[in-house]
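Fold and geometry: a report
Spelled out, the chains give:
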Amino acid sequence: MLVSGWGRTVLALRRAACVVSDLCVLGCSPSGDAAALCDPPRRTGTLPDEIRESSGLAASRRLPGVFWTHDDSGGDALLFAGDSAGALLGRVRVADARNRDWEALALGPCPSGDCLYIADTGDNQGGRDDVAIYRVPEPRPEDSATAPAERLPIRYPEGHPDTEAIYVLLDGGIHLVTKGRNTPVTVYRYPGEARPEQTVEVVLVGRLTRKPVPLPYQVTGAAASPDGRWVVVRTYTAVQIYQVGRRGRLRPRLAGTGIDVQTLAEPQGEAVAVTEDGAIVLTSEAGPEPVPGTIGWIDCRLE
């Protein structure tokens, strides 16, 4: 979520369209050609008026074609199910959860099968002491409520970074990517098994930048491919694809900032998911009335 106005955000993005970010470090050199790896981004639909602040996105694996999203910053504790055109398929209340500032969503394994991981980690002011991850078994779109959510409180080794991205690997490892507003873009991992209601300090995995980044390159979402080999990180203007290396370190696959998604004309690009066949799906918050949120699609060949 941005603290600046929508108009100022758009102006900042346009002015910075040609800025080169350092969003690809971790001790390796980026390689690969975006055109060979992925087709151009295309818009596939708009989101219903009920979803004004789509901040997280996850692609269901047991329900092909179903995507989960949620609102942020004080919205109801609801998950919305939709399709690739943005049509609303259902709304499900998350039991035993509060939406303080939900900023990201991921699908990953858990003891009951597939779970949704909700990152209540938004921290625009940099002072929250109650950030947490909710974990809940994936519901069905027709459900009225989920099973009771587990709350996993976390703290960072240093400071209170704003975090709007989460992904979960095949081994169940929960990872968070900070936004990069006041600190470098950093990847953290939740250590060991989930410990509900016990505050756990997350562990540094690596930094994706050397320093804080300009607004257009601040991280607003991340997602792991179903096979756990790739991680997609999105910003307001671009998508970078990383290969998961040893100890979970990320190696950029594309040169520079990756795939430019400004052609989607998103009001405020916030979330990303990866489907079973490697497609990248993106959603945006809505703009001022009557501008709706959007959903976009990038077909990729992740091998």
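The shown structure was predicted, so the numbers you read here are calculated from the model rather than taken from an experiment. (Residues numbered from 1 in each chain as written. Predicted model: local features only at pLDDT ≥ 70, side-chain atom pairs only at ≥ 80, totals over all residues. Heavy atoms only, no water.)

What follows concerns the pattern of salt bridges. Here the idea is simple: oppositely charged side chains can pair when their charged atoms come close. Enumeration over the complete set of coordinates arrives at 16 salt bridges. Across the salt bridge formed by Arg62 and Glu138, the nearest N and O atoms sit 3.4 Å from each other. With a gap of 76 residues between them, Arg62 in the loop between β2 (56-59) and β3 (67-70) and Glu138 in the loop between β8 (132-137) and β9 (150-155) connect regions that are remote in the sequence. According to the relative accessible area criterion, Arg62 is partly exposed, its value standing at 38%. On the basis of relative accessible area, Glu138 is assigned to the buried category, the value being 7%. A salt bridge links Glu266 to Arg234; the shortest N-O distance between them is 2.7 Å. Of this pair, Glu266 sits in the loop between β19 (259-260) and β20 (268-274) while Arg234 sits in strand β16 (residues 230-235); the two residues are 32 residues apart in sequence, bridging distant segments of the chain. Of the residues examined, Glu266 reaches a relative accessible area of 14% and is grouped as buried. (Salt bridge = Lys/Arg side-chain N within 4 Å of Asp/Glu carboxyl O. Helix = DSSP H or I, 4+ residues; strand = E, 2+ residues; numbered from the N terminus. Buried < 20%, exposed > 50% of the residue type's maximum accessible area, 1.4 Å probe, protein only.)

A few words on the pairing of β16. If a strand is regular, its side chains alternate between the two faces of the sheet. β16 sits mainly inside the fold: 6 of its 6 residues count as buried. Here β16 shows no split at all, with Trp230, Val232 and Arg234 on one side and Val231, Val233 and Thr235 on the other all buried. As paired strands, strand β15 (residues 219-224) and β16 are joined by 5 bridges and run antiparallel to one another. Residue pairing across strands places Ala224 opposite Val231, the latter belonging to β16. Direction of pairing for β16 relative to strand β17 (residues 238-244): antiparallel, over a ladder of 5 bridges. Directly across from Val231, in β17, lies its bridge partner Tyr242. The hairpin formed by β16 and β17 contains 2 residues between the paired strands. (Pairing = 2+ DSSP bridges.)

Treat this as a map of the structure, not an account of what it does.
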